[in-house]
Amino acid sequence: MACLIYFNRVNRIYTITHYPLEDIALHEALWGELYKQSDASVFLNWSWIKAWLTSIDSVPVVLAAYENTRCVGLAFLTQRNARSSSRINIKQLWLHRKGEQASDQMWIEHNDFLLHQNNKEQIRLAMVEYLFAQKKLWHELYFGLTNSKVIDSLKLNWPSCREVISSPDFEVDLRHKANLDDYLADLSKNTRSQIRRTKKLLTQSGELELTLAQTAAQKETFLEGISRLHKDKWRDTEFGSGFDNPIFEQFHRHLIFEDDVTNKTRLYCLTLDKKPIAYIYLLIDDDTWYFYLSAINGHDDNRVKVGLIAHAYIIEQAIAEKVSKYSFLAGEARYKRSLSNLPETSQTLVCFYQPTVFMRLRECARRYKNALPNILRH
């Protein structure tokens, strides 16, 4: 049964409610209409959200905010029980995530409530305030990965939290760029030199060409190449390649092969003498392109930076299409720093917890356990 609480913020009344998601089709229309009135990223576009809802095997909780009869805030939260070391069940809520590695390997970023662009800070605060009042619903609330400024504003009101992940975020401002040279002028002399040297060395072996997959057959071919190279590089790492994970693969197939009208993906291949040397998978929305992942064929000459030249070609195409921003998304990487022309920001995943005696003691124990190795070293 839905719960209703009224919040008055800056002379506005918001009605907040939560209930189990039973009718996805109904919420598709509601979500789509609100998305048009928001400034949310592509990760909160219905294409991503629907693919995620299809991938999970549980019924999420809908959190909705209304101003009079107009929906101004929406979110889907999954419920999960985690067992503490003292064998007590910890009820968790995860925002647009499942709380499990296999189900979250798609890795949502800029993750927030879907909010009307007018008064979005007040709506967000009202929705979180409502959640904190639902003491029986959760012990831990996982919010993010999203811009750290959003997290900081929430922490002012609810300091009972811990940082789970914080990662630098890199972007390229393409406004007022007429061509690639305009963009390269923003970069360091060393980065410009590496890009130009790479192009010179590669073109001695053939023509460099950037191709966009436009047909289903092309997308299938590119996706096969991405999968093979991605597995080769990441299969033996801690979390492995997402392309070995059926949930991850089916999720992205849902996005990539969606109808053209709503499709938010692009697959590019950079070829040398007609042979693939790099693939780039993008998410696109309005005037922003988001770099989601790449798959690179290595080169024997360490002077050749295939990744740098691939991004240079993609950014050149973005400039040609009057794109305003190219986002590298979160994650520490030298090439992201080298290719960005905006100040570094950050994204954070935070865990809020109910400030009960048990949860406070649990957090104290966690901090002590994490600090113990440093104490012992001294």
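For the structure, check the block above.
(A) Looking closely at the overall build of the chain. A tally of helices and strands in the chain yields twelve helices and 14 strands. A globule of 378 residues ought to have a C-alpha radius of gyration of about 21 Å, and the chain, at 23 Å, matches this closely. Taken along its principal axes, the extent of the C-alpha atoms in the chain is 65 × 60 × 40 Å. A burial count over the chain gives 51% of its 378 residues as buried.

(B) Spotlight on the pairing of strand β11 (residues 275-285). Counting buried positions over the eleven residues of β11 gives nine, a clear majority of the element. Both strand β10 (residues 265-272) and β11 contribute to a ladder of eight bridges, which runs antiparallel. The residue of β11 that forms the bridge with Arg 266 is Leu 282. Between the end of β10 and the start of β11, which pair antiparallel, lie two residues, with Asp 273 showing a positive phi angle near 55 degrees. Relative to strand β12 (residues 288-296), β11 runs antiparallel, the two being bridged by eight bridges.

(C) The pairing of β10, seen in detail. Among the eight residues in β10, eight count as buried, and that is most of the element. Burial of β10 is two-sided: the residues Thr 265, Leu 267, Cys 269 and Thr 271 facing one way and the residues Arg 266, Tyr 268, Leu 270 and Leu 272 facing the other way are all buried.

(D) Representation of unusual backbone geometry in the model. Cis geometry is adopted by the peptide bond preceding Leu 145, which originates at Gly 144 and carries an omega value of 0 degrees. With respect to the element layout, Leu 145 can be found in strand β7 (residues 140-147). Of note, His 110 is a non-glycine position whose phi angle comes to about 45 degrees, a positive value. With respect to the secondary-structure elements, His 110 resides in the loop between α3 (101-104) and β6 (114-115). Residue classification places His 110 among the buried positions, given a relative accessible area of 18%. Positive phi is not limited to glycine here, since Asp 273 has a value of about 55 degrees.

(E) Up close: the pattern of salt bridges. In the structure shown here, the tally under the stated rule is 22 salt bridges. We note a salt bridge from Lys 98 to Asp 57, for which the minimum N-O separation is 2.8 Å. Taken together, the residues Lys 98 in the loop between β5 (89-95) and α3 and Asp 57 in the loop between α2 (46-55) and β3 (61-67) connect sequence positions 41 residues apart. The buried category is assigned to Lys 98, whose relative accessible area is 8%. By relative accessible area, which is 71% here, Asp 57 ends up exposed. Ionic pairing is found between Asp 186 and Lys 177, a salt bridge with its closest N-O pair at 2.5 Å. The partly exposed category is assigned to Asp 186, whose relative accessible area is 38%. Connected through shared salt-bridge partners, Glu 140, Arg 162, Arg 362 and Glu 363 make up one network.

(F) How the structure looks around the environment of Lys 336. Of note, Lys 336 is situated in helix α11 (residues 334-339). Classification of Lys 336 by relative accessible area gives buried; the value is 6%. For the pair Lys 336 and Ala 65, spaced 271 residues apart in sequence, the C-alpha to C-alpha distance is 37 Å. For Lys 336, the side chain forms a polar contact with the main-chain oxygen of Gly 331, separated by 3.5 Å.

(G) Spatial organisation of the environment of Leu 208. Structurally, Leu 208 can be placed in strand β9 (residues 208-212). Measuring from C-alpha to C-alpha, the distance between Leu 208 and His 176 comes to 26 Å, with 32 residues separating the pair along the chain. Among all residues touching Leu 208, those that are not within four sequence positions of it are Lys 199, Leu 202, Thr 203, Leu 270, Thr 271, Leu 272, Ile 277, Ile 309 and Tyr 313.

(H) Layout of the packing of aromatic side chains. A complete count under the given rule lists 20 aromatic pairs for this structure. An angle of 70 degrees between the planes, with centres 4.9 Å apart, marks the rings of Phe 43 and Trp 48 as edge-to-face. Take Phe 43 and Trp 48: they sit in the same class, and that class is buried. Taken together, a centroid distance of 5.2 Å and an interplanar angle of 80 degrees make the contact between Phe 243 and Phe 248 edge-to-face. Like Phe 248, Phe 243 is buried. Taken together, the aromatic side chains of Phe 43, Trp 48, Phe 251, Tyr 281, Tyr 290 and Tyr 292 make up a single cluster linked through ring pairs.

Conventions and cut-offs
- Residues numbered from 1 in each chain as written.
- Predicted model: local features only at pLDDT ≥ 70, side-chain atom pairs only at ≥ 80, totals over all residues.
- Heavy atoms only, no water.
- Helix = DSSP H or I, 4+ residues; strand = E, 2+ residues; numbered from the N terminus.
- Rg over C-alpha atoms; globule rule 2.2 N^0.38 Å.
- Buried < 20%, exposed > 50% of the residue type's maximum accessible area, 1.4 Å probe, protein only.
- Pairing = 2+ DSSP bridges.
- Salt bridge = Lys/Arg side-chain N within 4 Å of Asp/Glu carboxyl O.
- Polar contact = N/O pair within 3.5 Å; in protein donor to acceptor, adjacent residues only side chain to side chain.
- Contact = heavy atoms within 4.5 Å.
- Phe/Tyr/Trp six-rings, centres within 6.5 Å; stacked < 30°, edge-to-face > 60°.

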